[in-house]
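Architecture at a glance
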Amino acid sequence: IFFGYGFGIHAYTENGDIQGFNFERNVWFRTGASVSGSSTLGQSDGLLIGGLQPVDRVTVRENYSWVPDPNARSVRFGWGSTVENKFIDVNDNYFVGNVVTQGLWKSAEVEGNHFFGAVIGPEPSDFPNNSFSKQLPTGTKTVLHQNKYDPRRIDVIIYNWNKDNLVPVNLDTMLSPGTDFTVHSIFDLWGEPVLNGKYQDPLHLPMGSKPPPQPSGFPNAIMGDDIPGKSFEVFIVRSLDGSVSSARNKPVVNISRSNFTFKLVRNNTLCITNQGVPLTGNTEFTIHSLSGRVIARHLTGNLPVNTSYEYQFPATISNGMYVCTIKAGNMVYRRMVASENWRCGN
């Protein structure tokens with residue numbers, strides 16, 4: 001979500017409801033930049049959730065934003081100073097730019113986020129399971145998202161604060177060697193690809209090689225700090241030979257080439273059984289309710305291990321439906337499951 005003439009995601013109302021929304025895996029930058037003239041601080045927020053009615057049961061998960069300056073606008077939770085908002089779940093986001101919180105809030109689940117901005121609404125001491133900085137990040141960060149609606153597509157998000165000409169990207173968990181592929185910049189989805197051929201790891205993606213599209217009738221509206229250049233870009237990788245490896249059809253966490261079984265047990269524990277080899281330390285297990293509330297989140301490095309390689313952690317679970325997520329490297333496995341009735345493995 002980029003450029004345009006106003007807000008990016010705009011969940012606002014005066015007389016309606018802001019309840020039961022899920023905002024997951026979005027990317028926004030420089031929203032409102034199609035208004036003629038450059039603005040370092042931005043014209044509008046990339047994400048606004050709030051209005052004259054209370055926010056409740058809203059989930060904001062795995063979203064990414066970019067701005068050129070730590071004072072620039074990015075996210076706003078709530079609107080005004082007197083609205084009594086109820087519950088919001090903000091998890092595993094990477095917010096670059098100001099995050100402003102307004103109004104009154106009854107409760108919130110805020111975990112696993114990275115906040116980079118001069119103005120940050122949440123008090124860091126109130127939400128310790130996050131990282132906070134008033135400066136822009138450094139180095140390079142690459143995010144890979146498999147597209148649940150298009151089995152041939154991978155979204156690649158690159159933060160390149162060093163402004164390198166090329167950024168290496170490893171896709172070997174998603175593409176097999178020799179797979180025919182194309183890579184397009186989101187600035188030119190129907191033009192010439194920035195890279196194509198038969199896949200060999202890694203790909204070296206060229207940063208800032210495509211100029212941004214200009215709004216019709218305003219050929220110089222996008223200029224100056226509105227243009228990410230080499231600092232940030234989103235690419236679309238497409239497999240031309242078939243679907244990429246998908247968490248939706250492979251119940252295998254592929255870090256140590258191991259198979260796992262999982263069983264959700266009501267009012268007891270979630271058991272993760274590794275069939276033969278211990279889990280490595282960067283695998284994460286999360287249980288969410290359907291409303292988005294985190295029931296439990298644990299890294300394998302913190303879990304007890306016994307001789308049968310069965311991993312257990314406490315999770316009070318009522319009878320009903322849940323979303324279980326397993327993150328291993330670049331792979332994300334998510335299942336909606338019913339307690340006492342779910343088993344996934346070979």
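Structural notes, computed from the coordinates. In this text the structure is predicted, and so the values were computed from the model without any measurement.

So, about the sheet that holds strand S6 (residues 47–49). The sheet built from four strands is open, its strands ordered S2-S6-S10-S13 with parallel pairing. The two strands at the open ends of the sheet, each matched to only one other strand, are strand S2 (9–11) and strand S13 (98–101). Across the sheet, the mean angle from the axis of one strand to that of its neighbour is 15°, orientation sign disregarded.

The next point concerns the side chain of threonine 13. Relative to the assigned elements, threonine 13 resides in the loop between S2 and strand S3 (18–19). With a relative accessible area of 13%, threonine 13 lands in the buried category. Within polar-contact distance, the side chain of threonine 13 engages the backbone nitrogen of asparagine 15 at 3.5 Å. The residues contacting threonine 13, other than those within four sequence positions of it, are Ile18, Gly50, Gly51, Leu52 and Gln53.

The next subject is the packing of aromatic side chains. The full count for this structure, using the stated rule, is 19 aromatic pairs. Ring centres of phenylalanine 3 and phenylalanine 187 lie 5.8 Å apart, and the angle between their planes is 20°; this geometry places the pair in the stacked category. Residue phenylalanine 3 is located in strand S1 (residues 2–3), and its partner phenylalanine 187 is located in the loop between strand S20 (180–185) and strand S21 (195–198); the two are separated by 184 residues in the primary sequence. For the pair shown, phenylalanine 3 and phenylalanine 187 are each scored as buried. Pairing phenylalanine 95 with phenylalanine 115 gives two aromatic rings, centres 6.0 Å apart and planes at 50°, and the pair type is tilted. Residue phenylalanine 95 is found in strand S12 (residues 94–96), and its partner phenylalanine 115 is found in strand S15 (residues 114–116); the two are separated by 20 residues along the sequence. Here phenylalanine 95 falls in the buried class, since its relative accessible area comes to 0%. With a relative accessible area of 2%, phenylalanine 115 lands in the buried category. Among the aromatic residues, ring-to-ring pairing joins Phe2, Phe3, Phe29, Tyr64, Trp66, Tyr94, Phe116, Tyr159, Trp161, Phe187 and Phe232 into one connected group.

Conventions we followed
- Residues numbered from 1 in each chain as written.
- Predicted model: local features only at pLDDT ≥ 70, side-chain atom pairs only at ≥ 80, totals over all residues.
- Heavy atoms only, no water.
- Pairing = 2+ DSSP bridges.
- Helix = DSSP H or I, 4+ residues; strand = E, 2+ residues; numbered from the N terminus.
- Axes fitted to C-alpha atoms, helices over the stretch in contact; angles between N-to-C directions.
- Buried < 20%, exposed > 50% of the residue type's maximum accessible area, 1.4 Å probe, protein only.
- Polar contact = N/O pair within 3.5 Å; in protein donor to acceptor, adjacent residues only side chain to side chain.
- Contact = heavy atoms within 4.5 Å.
- Phe/Tyr/Trp six-rings, centres within 6.5 Å; stacked < 30°, edge-to-face > 60°.

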